[in-house]
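Next come the chains, spelled out residue by residue.
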Amino acid sequence: MRLSQFFLPVLRETPKEAEIVSHQLMLRAGMVRQASAGIYSWLPLGFRVLKKIEQIVREEQDRTGAIELLMPTVQSADLWHQSGRYQAYGPEMLRFEDRHGREMLYGPTNEELITTIFRDGVKSYRDLPKNLYHIQWKFRDEVRPRFGVMRGREFLMKDAYSFDLSAEAARQSYNKMFVAYLRTFARMGLKSIPMAADTGPIGGDLSHEFIILADTGESQVYCHSDLIETRTPGADLDFTADLSPLIASWTSLYAATDEKHDRARFEAEVPEAKRVSARGIEVGHIFFFGTKYSEPMGCRVQGPDGGMVNVQMGSYGVGVSRLVGAIIEASHDQSGIVWPLPVAPFEVGLINLKAGDKDTDKACDDVYGKLTRAGISVLYDDTNERAGGKFATMDLIGLPFQLIIGPKGLKGGEIELKERKSGERMTLSPEAAVKRLTELVSARRVLA
């Protein structure tokens, strides 16, 4: 993509309304613009990142055997009356009436609707287990939306729902999703800590949230040092293994946050030498709630003995749009965003230091064509902006690699390759730079 043809409205100054780093950088990098309180338009650069994250989430769900569908954003309140959650959910749920006076709501979650879909479509235990998921926009009317996409009112979420015949089988489905989440976040270059959590308005008696470490995270996390490793624990595990003992060992390495757990318990249970304190952000939450929804909503199947059995259920959420902000919180520096390659909007930024110069244009066009044909996504700055402005923009938007081509280097047959994260620079021939860059990109596309 040529920058002269792209829409990238970067800002040189930090907007006053942006309180945290991710919000500041997303606005400055031209990724989003606020439409109203807690609601954002996703501009082309931000939308590319959102789609990259969404695809990783989708691939890891598909890998477990989960089946994708799509449910609507607007739901009938009748379903929520059936489950008993309509009044219990709270003011975060946006309620309204349609022109016929029917009670409707903008879905904050989908347990009721998916239970109805499954109830009406499955009648026998032979059709179990199943896991259905979708990636859809949600709305929760936060009393004080803030922190950009980290705590907005409208957000993109992956929510999955498992259906099993027995509680034991349902816990196996839960464990499978547990590992899928570890893999998902590891592929995005994130360290995630699974933490036993409250079930809240979703319900049930088993729940874990997944916290990623970030110095500017919203929560103070206290955890056992064995939970923090160079690589995310479990990222290479096979879904078919019996993971119950291993998952129990991870979550027994107690983790807590100021918001959700008692720090005194953490200090009582974890030796002094094993205590670690860090900042973190919640990016995923999984629940096993048994028959909380299937029983009141009549979601039953015929069991092996001919009797009717209430289906055992779980639900599993990942904040897709929230992850965009969370990744920035975990990966940035003084100059801007530092994208892990698997979620970067483009893999390479190609900088033409003298657009309009015949030799420089030819060299840039040649490199651009070779990289594009190799399947590498390139943002080619072919504008007449000054060199300093081009460098600042590329550092701000945080593409993993930069190729810098100018008349002076070309006279010596050389161009410069820069890695954004480390700042390391290499001077190579154009052919060697393309070869080296192709190798680096291929090696880093899948981190887990």
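Preceding this paragraph is the structure being described.
**Q** Looking at this structure, I do not really get the overall build of the protein. What am I missing?
**A** In terms of helices and strands, the protein carries 12 helices and 23 strands. Every one of the 448 residues in the protein was classed for burial, and the buried ones make up 54%. Across the protein, the fraction of contacts at a sequence separation of at least 24, relative to all contacts at a separation of at least 6, is 72%. Total accessible area on the protein is roughly 19400 Å²; 49% of this is exposed by carbon and sulfur atoms.

**Q** Explain the sheet that holds strand 6 (residues 103–106) to me, please; I cannot follow it from the model alone.
**A** Consider a sheet: its strands pair through backbone hydrogen bonds, and that pairing is either parallel or antiparallel. Spatial ordering of the open sheet is given by 4-6-5, a layout of three strands whose pairing is antiparallel. Of all the strands in the sheet, the pair left with one neighbour each is strand 4 (74–76) and strand 5 (94–97). In this sheet, adjacent strand axes meet at a mean angle of 35 degrees when their direction is disregarded. With three bridges joining them, strand 4 and strand 6 adopt antiparallel strand pairing.

**Q** Explain the packing of aromatic side chains here, please?
**A** Each pair of aromatic rings is reported with the distance of its centres and the angle of its planes. Applying the stated criterion across every chain, the model contains 11 aromatic pairs. Ring centres of F6 and F346 lie 5.6 Å apart, and the angle between their planes is 80 degrees; on these two criteria the pair is classed as edge-to-face. Within this pair, whereas F6 is found in the segment before helix 1 (21–28), its partner F346 is found in the loop between strand 18 (336–337) and strand 19 (348–352), the two being separated by 340 residues in sequence. Classification of F346 as buried rests on a relative accessible area of 2%. Taking the ring centre of F346 as reference, the NZ or CZ of R48 above it sits at 3.9 Å. Sitting over the ring of Y293, K292 keeps its end group 5.5 Å from the ring centre.

**Q** Could you clarify how one ought to interpret a nonpolar patch on the surface in this entry?
**A** Taken together, the side chains of V74, L94 and F96 make up a nonpolar region of the molecular surface, amounting to roughly 200 Å² of accessible area. Mapped onto the secondary structure, V74 falls in strand 4. Residue class for V74 comes out partly exposed when judged on its relative accessible area of 32%.

**Q** How should the pairing of strand 2 (residues 39–42) be read in this particular structure?
**A** Consecutive side chains along a regular strand alternate between the two faces of the sheet. The pairing of strand 1 (residues 32–36) with strand 2 spans four bridges and is classified as antiparallel. The partner of V32 across the bridge, within strand 2, is W42. The loop that links strand 1 with its antiparallel partner strand 2 comprises two residues; one of these, G38, has a positive phi angle of about 75 degrees.

Reading the values: rules and limits
The numbers attached to residues start from 1 for each chain and follow its sequence in the written order. Reporting of local features is limited, given that this is a predicted model, to residues whose pLDDT is at least 70; pairs of side-chain atoms are given and counted only at 80 or more, and all residues count toward the totals for whole chains, interfaces and linings. Heavy atoms throughout the structure, all of them, feed into the side-chain values; hydrogens and water do not. Labels follow the DSSP assignment, with helices taken as runs of H or I lasting at least four residues and strands as runs of E lasting at least two, numbered in each case from the N terminus. Residue burial is assigned from relative accessible area. The probe radius is 1.4 Å, only protein chains are included, and a residue is buried under 20% of its type maximum, exposed over 50%, and partly exposed in between. Any two residues whose heavy atoms approach within 4.5 Å are treated as being in contact. The method behind every accessible area is Shrake-Rupley, applied with a 1.4 Å probe, and residues are considered shielded solely by the protein chains displayed. Pairing between strands requires that DSSP locate at least two bridges from one strand to the other. Note on definitions: angles span 0 to 180 degrees between N-to-C directions of axes, and those axes are lines fitted to C-alpha atoms, for helices only across the stretch in contact. In this analysis, rings of Phe, Tyr and Trp, with Trp reduced to its six-membered ring, are considered paired at centre separations within 6.5 Å, and the interplanar angle assigns stacked below 30 degrees, edge-to-face beyond 60, and tilted for intermediate values. Note on criteria: charge over ring means Lys NZ or Arg CZ within 6 Å of the ring centre, with the direction from the centre no more than 35 degrees off the ring normal. Residues with no salt bridge and a relative accessible area higher than 30% make up the patches, which join like charges within 9 Å and nonpolar side chains (Val, Leu, Ile, Met, Phe, Trp, Tyr) within 5 Å. Throughout this description, the term salt bridge denotes a Lys or Arg side-chain nitrogen within 4 Å of a carboxyl oxygen of Asp or Glu.

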